[in-house]
Structure formats: structure tokens, C-alpha cells
Amino acid sequence: VMGIYWSSEPEVLRVTDRTSKSSPGKATVAMLNDVVDLLLKKPGGFLSNDIMPPGVLLDNMPSWEFGVLVQVRDLSKALRESFSRSQSQSNEDPDLALAEPRFNVDHKSWAVPWPEREYAEGQAFLKSYLLRLDSAPPAAAEFFARADNLRYWLATIETRLGSLSQRLSASVGHSRVDGLPDGKVGEDIMRTRRVNKTPWLIVDNVFYEARGTTWALLNFLRAVRVDFADIIEKKGATASLEQIIYELEMSQTPLNTPVIVNGQGFGLFANHSLVMASYISRANAALIDLRDLLARG
């Protein structure tokens, strides 16, 4: 019973409009802080490194946690390298420089370093940066809500979603053709096909990693919609962003089954991985459109 309670997925977090014309970025940083806080304080706490029952017997929630954690790492990296810097030669923010590496500690480590303590320290540095966004110079932090900075982070998301879509589709197996020398066709192509199929024991792990990824992205993009509202509207990219958010919301539809079914593509039973892959692929297509619009003058 405790394992079932600990495996329940959290609701999407609420975005508070904390941004202002003079100091944007507060909604995004606050959301990142809230996501890390939830990872550490949800029912059962952080489960990925548990070595005692019931945590050690669970695999769905740790997979969900890993999906969220990858997005936390990507956004904290973008904050450190892009959002908080006016140009490539400018100094990095001291709080973000200390926060980002702490989120990259191995999530399965159960001894030194303890992931929970490292992530909590990273969260403390995020809070310090968030407070400094409202401070006056010289202690003030900076956040540059520019199109090129946003595209930097979206490019990382694009690769993450593309990879997840392929891994989810591999639940039924799909063939790939390796590169061939010039002039090789026909039977030569057939001989070079490789079939990739996810082992049935980890199909649910990939599915819940995707659920965690899309949950985190949904929260982050809703916060980005607040901080980058002016530039998104100026670029005519509002519809594309809303489409991404809609597809991610659909990916969070509650499951009506206790088991992730791995049916064939057009078989008798459903395949939850293919449904998730469909939502992720559509979100990724809208993401490509969004990056293209942001790149235009």
C-alpha cells in the first residue's frame, strides 16, 4: 500500500506570475526551484537511490524522477550558460555556477555524495539567485529574456524529445538501415537492417521516464511563457508554444490501468508507449516551428 502511495504522480505545479519588466526570469527560476523541492519532498522523498523496501522494490517512480532530473539539469545548465549571461565572454553568475554541478550528482548514489543533500544545496543556490534578481547592484543577478537564449535551451529539449520518441517507439521494435557504400541497393540494404526493440521488462521504465520528462517540461514551458511573453508575441510564436504546452498536457492524462500494456502497433491490445510517443512527436514538431520563428528577425 505504501509503495502504491509513493508511486502516485504529482499534479502539474502552479505558475505564479512573478516576473516584471525590470527583472524577468523569476517565474522560470522559481519553477525550477519548485520542481527540485517536489523531487525531494514528495511522498516517499527521493526514491532513486533507496536500498530498503519499499523504495528498492519500485521502478516506475525512480524512472519518473530521472526524467524530471534530466530536465532540471538541462535548465540549470541553460541558466548558467545562457539565460544569465549577456554574451559568451561575460562572467557567469556565482550562484548558478555552484548550483548546476550539484544537480549532476549520480541520482542512484546511496553513499557519499548523497544526492538528496547535493540537490538541496543546489536548490539553496537557486533561491539565492532568485532573491538577487530583485536586488540592486552590485549584488543584483541578471536574466536576459532574449530569443537566442531561449533557442539555446529549446535545442536541448528538441534532442531529448527526439530520443525519447525513438525509445518509446521501440516498444514494438523498428528497423534501422546502416550506412552503405555507394552503389549498394536491394538485398544489400535488407542485410544491413538492424531491429531495435525495447526489452519488455523495461518498457514501463522508458514510459515513466517519458512521463517525468513531459511533466517537467510542461511546468518549465508554462513558466517560460510568462518570462518570455514579450519576445514570443513579437516573433509571432505564441501559437507554436501553446501547441507544445497542449501536447505535453495531453501526455499527462491519468492512466486508467495499473499496467503499461505493450501491445503491437495494430494488435488487439493497446500500446501506451506508442500513445506517449505520438504526443511527444507532435510536441517536438511544434518545438521545431517555435525555434524557427525565434530565429527570424
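Here is what the cut-offs are and how they apply
- Residues numbered from 1 in each chain as written.
- Predicted model: local features only at pLDDT ≥ 70, side-chain atom pairs only at ≥ 80, totals over all residues.
- Heavy atoms only, no water.
- Helix = DSSP H or I, 4+ residues; strand = E, 2+ residues; numbered from the N terminus.
- Buried < 20%, exposed > 50% of the residue type's maximum accessible area, 1.4 Å probe, protein only.
- Contact = heavy atoms within 4.5 Å.
- Expected span 1.5 Å × (residues − 1).
- Arc of directions from axis to C-beta.
- pLDDT = per-residue confidence, 0-100.
- Core = buried A, V, L, I, M, F, W, Y, C linked by side-chain atoms within 4.5 Å.
- Axes fitted to C-alpha atoms, helices over the stretch in contact; angles between N-to-C directions.
- Parallel < 35°, antiparallel > 145°, perpendicular 65-115°, else oblique.
- Left-handed = near helix turned anticlockwise from the far one by under 90°.
- Phe/Tyr/Trp six-rings, centres within 6.5 Å; stacked < 30°, edge-to-face > 60°.
- Polar contact = N/O pair within 3.5 Å; in protein donor to acceptor, adjacent residues only side chain to side chain.
- Salt bridge = Lys/Arg side-chain N within 4 Å of Asp/Glu carboxyl O.

1. Description of the overall build of the protein chain
Next up, step 1: When you go through the protein chain residue by residue, the secondary structure sums to 11 helices and two strands.
Next up, step 2: When the helices and strands of the protein chain are read in sequence order from the N terminus, they spell out α-α-α-α-α-α-β-α-β-α-α-α-α.
Next up, step 3: Looking at the protein chain as a whole, 47% of its 297 residues qualify as buried.
Next up, step 4: Sequence separation of 24 or more characterises 74% of the internal contacts of the protein chain that already satisfy a separation of 6 or more.

2. Quick word on helix α10 (residues 238–250)
Next up, step 1: With 13 residues, α10 extends 18 Å between its outermost C-alpha atoms, agreeing within 8% with the 18 Å of an ideal straight helix rising 1.5 Å per residue.
Next up, step 2: For α10, every residue scored as buried is listed here: S240, L241, I244, I245, E247 and L248. The arc that holds every buried residue of α10, seen down its axis, measures 160 degrees, which confines them to one face.
Next up, step 3: If you follow the buried residues of α10, they end up packed against α8 (203–227), α9 (229–234) and α11 (272–295).

3. Focus: the confidence of the model for the protein chain
Next up, step 1: Model confidence for the protein chain is summarised by a mean pLDDT of 87, while 86% of its residues fall at 70 or above.
Next up, step 2: Per-element confidence in the protein chain is highest for α10, whose mean pLDDT is 96, and lowest for helix α7 (residues 187–191), whose mean pLDDT is 51.

4. What about the environment of V15?
Next up, step 1: Here V15 lies in the loop between α1 (2–6) and α2 (26–41).
Next up, step 2: V15 sits 209 residues away from V224 along the chain, and the two C-alpha atoms are 9.8 Å apart.
Next up, step 3: Among all residues touching V15, those that are not within four sequence positions of it are M31, N219, R222, A223 and V226.

5. What to know about the nonpolar core
Next up, step 1: Counting residues in each nonpolar core, the largest one holds 74 residues, and the members touching the most others are W153, L154 and F220.
Next up, step 2: With 13 residues, α8 is the largest single contributor of residues to this core.
Next up, step 3: Dropping the residues within four chain positions of it, F220 is found in contact with M31, L32, V35, Q71, V72, L75 and W153.

6. Observations concerning the packing of α8 against α11
Next up, step 1: In the contact formed by α8 and α11, the axes pass within 10 Å of each other and the chain directions differ by 30 degrees. With respect to each other, α8 and α11 are oriented roughly parallel. For the pair α8 and α11, the sense of crossing is left-handed. Only H272, S273, M276 and I280 of α11 make contact with α8, whose side of the interface consists of V203, F207, A210, R211 and T214.

7. Focus on the packing of aromatic side chains
Next up, step 1: Taken as a whole and assessed by the stated rule, the structure comprises seven aromatic pairs.
Next up, step 2: With centroids separated by 5.8 Å and ring planes inclined at 65 degrees, the aromatic side chains of F143 and F228 adopt a geometry described as edge-to-face. Separated by 85 residues along the polypeptide, F143 in the loop between α5 (115–132) and α6 (147–169) and F228 in the loop between α8 and α9 bring together distant segments of the chain. Taken as a pair, F143 and F228 share a single burial class, namely buried.

8. Points about the side chain of N49
Next up, step 1: Within the element layout of this structure, N49 appears in the loop between α2 and α3 (60–83).
Next up, step 2: Among the polar contacts made by the side chain of N49, one reaches the main-chain carbonyl oxygen of S109 at a distance of 2.9 Å.
Next up, step 3: In this structure the side chain of N49 is engaged in a polar contact, spanning 3.1 Å, whose partner is the side chain of E116.
Next up, step 4: Apart from the residues lying within four places of it in its own chain, the contact partners of N49 are H107, K108, S109, W110, P115 and E116.

9. Observations concerning unusual backbone geometry
Next up, step 1: The omega angle of the peptide bond from P53 to P54 is 0 degrees, so this bond is cis rather than trans.
Next up, step 2: Looking at the element boundaries, P54 is found in the loop between α2 and α3.

10. Things to note about the pattern of salt bridges
Next up, step 1: The final tally for this structure, using the stated rule, is 17 salt bridges.
Next up, step 2: Residue R167 pairs with E209 through a salt bridge whose shortest N-O separation is 3.0 Å. With a gap of 42 residues between them, R167 in helix α6 and E209 in helix α8 connect regions that are remote in the sequence.
Next up, step 3: Of the residues examined, E209 reaches a relative accessible area of 13% and is grouped as buried.
Next up, step 4: Linked through salt bridges whose partners overlap, the residues forming this network are R80, E92 and E100.

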